[in-house]
Amino acid sequence: MLIVISGPSGVGKGTVIKELLTQLPELQLAISYTTRSPRPGDRPGKDYYFVSPEEFAKIDFLESAEVHGFKYGTPNKEYQGDVLFEVDIQGANAIKAKRPEALTIFILPPSDEELAKRLVKRKTEKPAEIKIRLETARQELKRQWESDYQVVNDKIDHTVNKISEIIKLELEKRKGENK
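These numbers come from a predicted model, not from an experiment.

### Notes on the nonpolar core
Counting residues in hydrophobic clusters, the biggest one holds 24 residues, and the most contacted among them are Ile3, Ile5, Leu20, Leu84, Ile105, Ile163 and Ile167. For this core, the elements supplying multiple residues, two or more each, are β1 (2-6), α1 (13-23), β8 (103-108), α4 (112-121), α5 (127-141) and α6 (156-177). Of the residues forming this core, the biggest block, five residues, is contributed by α6. Aside from chain neighbours lying at most four places away, what touches Ile3 is Leu27, Asp82, Val83, Leu84, Phe85, Leu103, Ile105 and Ile167. Listed in part, the eleven residues of the second largest apolar core include Leu2, Leu62, Ala92 and Ala102.

Quick look at the structure:
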């Protein structure tokens, strides 16, 4: 099963996915490519493959998008087993269009104010960039209903448990349909 986690910048997708992989070690993470520079703590080849725009243009992608001036994409290949994808709402919809069986989960912030605090706290963007990311988030939040499930990231453990339950439920449901 392809499991697509999306949500606005700063909502905590990466943190949620790291915890999910601890709770559900049978899941694999699809590593995306990006043209942005690594942030502090980013692990090349583990979090993203960091490539030049020229290298990016040569790759066959399942989904790709330009977000905040950088390109992001997930390689188009045969994925074995249950695979997690961390993408924005555009990427989630692109995957769903090509692979309708994909499970899509949209993570929401508890509030606009909390999302702004999280973006400031991670100290990876300048104030002008944060403003752009918040405007983009408002647009993405309007599209949350395009996903199969929506989960508010109020407390990380609660959010991870909820998403873990959704994944387990969907895996069981799909196993039953394939009998």
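Now that the structure is up, let's keep going.
### Side note on the environment of Ile167
If you trace the backbone, Ile167 turns up in helix α6. For the pair Ile167 and Tyr149, spaced 18 residues apart in sequence, the C-alpha separation works out to 10 Å.

### Brief notes about the pairing of β8
Within β8, six of the six residues are buried, leaving the element largely enclosed by the surrounding structure. Of the two faces of β8, the one carrying Leu103, Ile105 and Ile107 and the one carrying Thr104, Phe106 and Leu108 are both buried. Note: β1 against β8, four bridges, orientation parallel. Each residue of the ladder has a partner; that of Ile5, found in β8, is Ile105. Relative to strand β9 (residues 149-152), β8 is paired through four bridges, and the arrangement is parallel. Bridging from a neighbouring strand, Ile107 pairs with Val151 of β9.

### A few points about the side chain of Ser164
Along the polypeptide, Ser164 turns up in helix α6. Apart from the residues lying within four places of it in its own chain, the contact partners of Ser164 are Leu20, Gln23 and Leu24.

### Observations regarding the sheet that holds strand β2 (residues 28-29)
By way of backbone hydrogen bonds, the strands of a sheet pair with one another, either parallel or antiparallel. Taken in spatial order, the five strands line up as β2-β7-β1-β8-β9 in an open sheet, and their pairing is parallel. Both edges of this open sheet fall to β2 and β9, since each of them pairs with a single strand only. Packed onto the sheet, helix α3 (residues 89-98) meets β1, β7 (83-86) and β8 and runs at close to 160° relative to β1.

### A few points about the pattern of salt bridges
What the rule picks out here adds up to 14 salt bridges. Here Asp47 and Arg43 are joined by a salt bridge, their closest N and O atoms 3.0 Å apart. According to the relative accessible area criterion, Asp47 is buried, its value standing at 17%. Residue Arg43 is classed as partly exposed on the basis of its relative accessible area of 42%. With its nearest N and O atoms 3.2 Å apart, the salt bridge here joins Arg174 to Glu170. With Arg174 and Glu170 both in helix α6 and four residues apart, this pair spans about one turn of that helix. Using a relative accessible area of 4% as the deciding quantity, one classes Glu170 as buried.

### Digging into the packing of aromatic side chains
Inspection of the entire model under this criterion finds six aromatic pairs. A centroid spacing of 6.1 Å and a plane angle of 70° characterise the contact between Tyr33 and Phe61, whose relative ring orientation is edge-to-face. Highlighted residues: Tyr33 in strand β3 (residues 32-34) and Phe61 in strand β5 (residues 61-67), separated in sequence by 28 residues. Each member of the pair, Tyr33 together with Phe61, is buried. One aromatic cluster is present, built from ring pairs that chain together Tyr33, Tyr49, Phe56 and Phe61.

Quick notes on the rules
Sequence order as written defines residue numbering, which begins from 1 separately in each chain. With the structure being a predicted model, the display of local features is reserved for residues of pLDDT at least 70 and the display and counting of side-chain atom pairs for 80 or more, all residues being used for whole-chain, interface and lining totals. Computation of side-chain values: all heavy atoms of the structure, hydrogens and water removed. We define the nonpolar core as a collection of buried residues of types Ala, Val, Leu, Ile, Met, Phe, Trp, Tyr and Cys that are connected through side-chain atoms lying within 4.5 Å of one another. Three labels apply to residues, based on accessible area from a 1.4 Å probe with only protein chains included: buried if under 20% of the type maximum, exposed if over 50%, partly exposed otherwise in between. By the criteria applied, helices consist of DSSP H or I runs no shorter than four residues and strands consist of E runs no shorter than two, each listed in order from the N terminus. Here a residue-residue contact requires only that any non-hydrogen atoms of the pair lie within 4.5 Å. Any two strands with at least two DSSP bridges between them are considered paired. Lines fitted to C-alpha atoms define the axes here, with helix axes fitted over just the stretch in contact, and angles between the N-to-C directions of these axes take values from 0 to 180 degrees. Think of a salt bridge as a Lys or Arg side-chain nitrogen and an Asp or Glu carboxyl oxygen that are within 4 Å of each other. Ring pairs are drawn from Phe, Tyr and Trp, using the six-membered ring of Trp, whenever the two centres fall within 6.5 Å, and their geometry is named by plane angle: stacked under 30 degrees, edge-to-face over 60, tilted for the rest.

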